[in-house]
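Take a look at the letters that make up each chain.
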Amino acid sequence: GGYFTASGATNNYGLVVAAGNVGIGTDSPTRNLHIKPASGNVDVKLESDHGSADVQLMLDSASSSRNAHVTFYTAGTQVGGVGYVATGTSMKMWGSNNPADNHIVVSSSGNVGIGMTPTYGLDVAEIARFGAGIIGGVSVSSPASDVGGTTTFEIDFDGPNLQKFVADSNTMDI
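On a predicted model such as this, the values are computed, not experimentally measured, just so you know.

**Overview of the overall build of the protein**
Argument step 1. Across its full length, the protein holds 1 helix and 14 strands.
Argument step 2. Within the protein, buried positions represent 16% of all 174 residues.
Argument step 3. Put simply, the protein shows about 12,800 Å² of open surface, and 53% of that area lies on carbon and sulfur atoms.

**As for the pattern of salt bridges**
Argument step 1. Counted under the stated rule, the structure contains 1 salt bridge.
Argument step 2. One salt bridge in this structure joins Lys45 and Glu47, with 3.4 Å as the shortest N-O distance. The exposure classification of Lys45 matches that of Glu47, with both residues exposed.

**A word on the pairing of strand S8 (residues 104-107)**
Argument step 1. Here S8 shows one buried face, formed by Val105 and Ser107, and one open face, formed by Ile104 and Val106.
Argument step 2. Here 4 bridges tie strand S7 (residues 90-94) to S8, and the two strands are oriented antiparallel to one another. Residue pairing in the sheet places Met91 in a bridge with Val106 of S8.
Argument step 3. By the bridge criterion, 3 bridges tie S8 to strand S9 (residues 112-114) in an arrangement that is antiparallel. Bridged to Val106 within S9 is Val112.

**Some points on the sheet that holds S8**
Argument step 1. Read from one edge of the open sheet, 6 strands run S5-S6-S7-S8-S9-S10, paired in mixed fashion. Two strands bound the open sheet, and with one partner strand each, they are strand S5 (68-74) and strand S10 (122-124). Each strand of the sheet is rotated relative to its neighbour by a mean of 10°, with strand direction disregarded.
Argument step 2. As paired strands, strand S6 (residues 77-85) and S7 are joined by 5 bridges and run antiparallel to one another. In the sheet register, Gly81 faces S7, and the bridge partner there is Trp94.

**Quick look at the environment of Ser107**
Argument step 1. With respect to the helices and strands, the residue Ser107 is situated in strand S8.
Argument step 2. Ser107 gets classed as buried once you look at its relative accessible area, which sits at 16%.
Argument step 3. Residues Ser107 and Val85 lie 22 residues apart in sequence; the distance between their C-alpha atoms is 9.7 Å.
Argument step 4. Residues within four places of Ser107 in sequence aside, it is in contact with Thr89, Ser90 and Pro118.
Argument step 5. In this structure the side chain of Ser107 is engaged in a polar contact, spanning 3.0 Å, whose partner is the side chain of Ser109.

**Some details on the pairing of S7**
Argument step 1. Alternating residues of S7 divide into Ser90, Lys92 and Trp94, all buried, and Met91 and Met93, none buried.
Argument step 2. Here S6 hands over to S7 after 4 residues, with Thr89 in that stretch at a positive phi of 40°.

**What about the side chain of Asn111?**
Argument step 1. Mapping Asn111 onto the fold places it in the loop between S8 and S9.
Argument step 2. Take Asn111: its relative accessible area is 16%, and that puts it in the buried class.
Argument step 3. Only 3.5 Å separates the side chain of Asn111 from the side chain of Ser109, close enough to count as a polar contact.
Argument step 4. Beyond its immediate stretch of four places on either side in the chain, Asn111 contacts Val105, Val106, Pro118, Thr119, Tyr120 and Gly121.

**With respect to the environment of Lys92**
Argument step 1. Residue placement: Lys92 occurs in strand S7.
Argument step 2. A relative accessible area of 8% places Lys92 in the buried class.
Argument step 3. In contact with Lys92, other than residues within four places in its own chain, are Gly81, Val82, Gly83, Val85, Pro99, Ala100, Asp101, Asn102, Ile104 and Val105.
Argument step 4. In this structure the side chain of Lys92 is engaged in a polar contact, spanning 3.5 Å, whose partner is the backbone oxygen of Asp101.

Calculation notes
- Note that residues are indexed from 1 along each chain, following the sequence as it is written.
- Two thresholds apply to this predicted model, a pLDDT of at least 70 for residue-level local features and 80 or more for giving and counting side-chain atom pairs, whereas whole-chain, interface and lining totals are computed over all residues.
- Side-chain numbers come from the whole structure's heavy atoms, not from hydrogens or water.
- Only DSSP runs of H or I with at least four residues qualify as helices, and only runs of E with at least two residues qualify as strands; both kinds are numbered from the N terminus onward.
- Think of it in three bands: with a 1.4 Å probe and only protein chains considered, a residue is buried below 20% of the maximum accessible area for its type, exposed above 50%, and partly exposed in between.
- In these tables, accessible area is a Shrake-Rupley quantity obtained with a 1.4 Å probe, and a residue counts as shielded only by the protein chains included in the view.
- One side-chain nitrogen of Lys or Arg within 4 Å of one carboxyl oxygen of Asp or Glu is enough to make a salt bridge.
- When DSSP finds two or more bridges between two strands, those strands count as paired.
- The axes are straight lines fitted to the C-alpha atoms, using for helices just the contacting stretch, and the angles between their N-to-C directions are given from 0 to 180°.
- Whether two residues are in contact is decided by their heavy atoms: any pair within 4.5 Å suffices.
- Polar contacts here mean pairs of N or O atoms no more than 3.5 Å apart (in protein, one a potential hydrogen donor and the other a potential acceptor; neighbouring residues in sequence count only if both atoms are side-chain atoms).

Following this line, the structure appears as structure tokens:
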């Protein structure tokens, strides 16, 4: 490995190259790029010098079967992340140490799932609250385990007005 410092001292780790890894502020980099200041925050800045140029951080896997994600750690323990999951061709956000958790999922077709993989425009695995109301149609199903069979409710709105309520295929027009 080599040391590159402003003052030339070997214990002032400005930049270290060791075993193919680059360290800034550390003499033993454990990743391709490892930044560890002696104190304070770690800040990374990517800046364009042209008013019409974009700034981009690209995560590019060499294989379409591999994931690309950013993970978050606290004191060495993974606590969440966000990224692309190749097996489901979806973007995910998770608040745990397991990228397989479906906390928020956006499928390649634009469907959104909260707590589940979506098949509809919005799929929510748990009870949902809509504080400002709902505009449009709503379909609610209770799983078979809830009442010994599947009960389906469909509610149709026309703007703020309830137009139709369907329960177990029995329609009651409003």
